[in-house]
Amino acid sequence: MSNIINNTNYNHIDNNINKKNVKKASIAGSAIGIGAAVAGIYAMAKKGNPSLKLKNISYEEKDVLLIGAASVLGGLAGGLAADKEKKNIKPKLREASQQFFGNMVCPIGLLAASNKFLDKTNFKLPQINSASKTAKAVNTVLNVLPKAALTVASLVGGMEIGNKIMNNVNNKIFKEDVKHDVKPEDYLVHADDLCLTANMLLKNVKSVSAVTSKVLPATFIVAGSKTGMQQSGENA
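Residues numbered from 1 in each chain as written. Predicted model: local features only at pLDDT ≥ 70, side-chain atom pairs only at ≥ 80, totals over all residues. Heavy atoms only, no water.

1. Regarding the overall build of the chain
Right, so step 1: A count of helices and strands for the chain gives eight helices and zero strands.
Right, so step 2: Walking the chain from its N terminus toward its C terminus, one meets helices and strands in the order α-α-α-α-α-α-α-α.
Right, so step 3: Every one of the 236 residues in the chain was classed for burial, and the buried ones make up 39%.
Right, so step 4: For the chain, restricting intrachain contacts to residue pairs at least 6 apart in sequence, the fraction spanning at least 24 positions comes to 78%. (Helix = DSSP H or I, 4+ residues; strand = E, 2+ residues; numbered from the N terminus. Buried < 20%, exposed > 50% of the residue type's maximum accessible area, 1.4 Å probe, protein only. Contact = heavy atoms within 4.5 Å.)

2. Observations concerning the environment of Gly 224
Right, so step 1: Within the secondary structure, Gly 224 sits in helix α8 (residues 221-229).
Right, so step 2: By relative accessible area, Gly 224 is classed as buried at 0%.
Right, so step 3: Look past the residues within four positions of Gly 224 in its chain and what remains in contact with it is Ser 30, Ser 71, Val 72, Gly 75 and Leu 76.

3. Some remarks on helix α4 (residues 133-173)
Right, so step 1: Taking 1.5 Å as the rise per residue, α4 with 41 residues should run 60 Å; its terminal C-alpha atoms sit 59 Å apart, in good agreement.
Right, so step 2: Maximal helix bending in α4 amounts to about 40°, located at Leu 145; proline Pro 146 follows within four positions.
Right, so step 3: The first or second residue beyond α4 is Lys 175, which carries a positive phi of 55°. (Expected span 1.5 Å × (residues − 1). Bend = angle between axes of the 7 residues up to and from the residue.)

4. Here's the deal with the nonpolar core
Right, so step 1: With 19 residues, the main nonpolar core has Tyr 59, Val 64, Ile 67 and Phe 220 as its most contacted residues.
Right, so step 2: Sorting the residues of this core by element identifies α1 (2-48), α2 (61-82) and α3 (89-121) as the ones contributing at least two each. (Core = buried A, V, L, I, M, F, W, Y, C linked by side-chain atoms within 4.5 Å.)

5. Regarding the pattern of salt bridges
Right, so step 1: Scanning the model with the defined rule gives three salt bridges in all.
Right, so step 2: Measuring nitrogen to oxygen at the nearest pair gives 3.3 Å for the salt bridge that ties Asp 63 to Lys 62.
Right, so step 3: Note on Asp 63: relative accessible area 9%, which makes it buried.
Right, so step 4: Here Lys 92 ties to Asp 83 by a salt bridge, and the two come within 3.0 Å at their closest N and O atoms. For the pair Lys 92 and Asp 83, a shared accessibility class is recorded, and that class is buried. (Salt bridge = Lys/Arg side-chain N within 4 Å of Asp/Glu carboxyl O.)

6. Remarks on the confidence of the model for the chain
Right, so step 1: On average, residues of the chain score 83 in pLDDT, and 80% of them reach the 70 mark or higher.
Right, so step 2: The lowest-confidence element of the chain is helix α5 (residues 186-189), averaging 48 in pLDDT; the highest-confidence one is α2, averaging 95.
Right, so step 3: Confidence drops under a pLDDT of 50 for residues 2-6, and excluding neighbours within four residues, the segment shows zero contacts in the predicted structure. (pLDDT = per-residue confidence, 0-100.)

7. Things to note about unusual backbone geometry
Right, so step 1: Phi angles above zero are rare outside glycine, and Asn 122 is one such case at about 55°.
Right, so step 2: In this fold, Asn 122 is placed in the loop between α3 and α4.
Right, so step 3: Of note in the backbone geometry, Lys 175 takes a positive phi value of approximately 55° without being a glycine.
Right, so step 4: Within the secondary structure layout, Lys 175 lies in the loop between α4 and α5.
Right, so step 5: By relative accessible area, Lys 175 is classed as exposed at 76%.

8. Thoughts on the packing of α2 against α8
Right, so step 1: Direction vectors running N to C along α2 and α8 enclose 30°, while the axes themselves pass 7 Å from each other. Considered as vectors, α2 and α8 are oriented roughly parallel to each other. Where α2 crosses over α8, the two elements pack in a sense that is right-handed. Residues Ser 71, Val 72, Gly 75, Leu 76 and Gly 79 of α2 form the contact with α8, whose own contacting residues are Ile 221, Ala 223, Gly 224, Thr 227 and Gly 228.
Right, so step 2: Residue composition of the contact of α2 with α8, grouped by class: four nonpolar, six polar and no charged. (Axes fitted to C-alpha atoms, helices over the stretch in contact; angles between N-to-C directions. Parallel < 35°, antiparallel > 145°, perpendicular 65-115°, else oblique. Left-handed = near helix turned anticlockwise from the far one by under 90°. Nonpolar A, V, L, I, M, F, W, Y, C, P; charged D, E, K, R; others polar.)

9. Some words on a nonpolar patch on the surface
Right, so step 1: Where nonpolar side chains cluster on the molecular surface, the patch consists of Leu 110, Ile 161, Ile 165, Val 169 and Ile 173 and spans about 390 Å² of accessible area.
Right, so step 2: For the nonpolar patch, the element with the highest residue contribution is α4, accounting for four residues.
Right, so step 3: By the secondary structure assignment, Ile 165 is in helix α4. (Patch = residues over 30% accessible without salt bridge, like charges linked within 9 Å, V, L, I, M, F, W, Y side chains within 5 Å. Areas by Shrake-Rupley, 256 points an atom, 1.4 Å probe, with all protein chains shown as cover.)

This is the structure we're talking about:
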């Protein structure tokens, strides 16, 4: 009986050590991936503008996807390298596809298409014909309101659609029925999506875009780390 208890304790300790190592490796891998992507984007941007400083770089949709992909791949590589349990390979691969396609490609693609449609229609809300401070403030809100509503709807709707698509695809690929839901709290956990929303919505406001552009790359570490840390039996 004592041997069984000791073996159980050892297995529990070994599992905890494994989780800690996987967590560290996933975060490190994600950070390295993000750093490499930012360096590549900066190098390309600098070719067109030699005087450009890293702190002043701004990110377009394609850059965001590149950083996101690098984060997910880095976290996945780190997690796979550190995780001793082979049963955790499949859930990590599933999470990688959910994070990249469901939470990045689909919502950002939908956002880009929606913005092009809005620009073509040149839709604008009516302005208040007054020179008062109140009217000016209201008109400023009215100017950004269509794009604000479209941005939020595209990102939220894109995540829902993207994750449903990947659920079906992954269930066929891995031959198992697992449902990956986007829960309300996910929008609080996914700092990358919140920062992305602010960056895409307010990228023309220099004071705001200067902050979001600096913060945005680091926020993708959440997606990469979650990918590498995913384990069998979990549904992030």
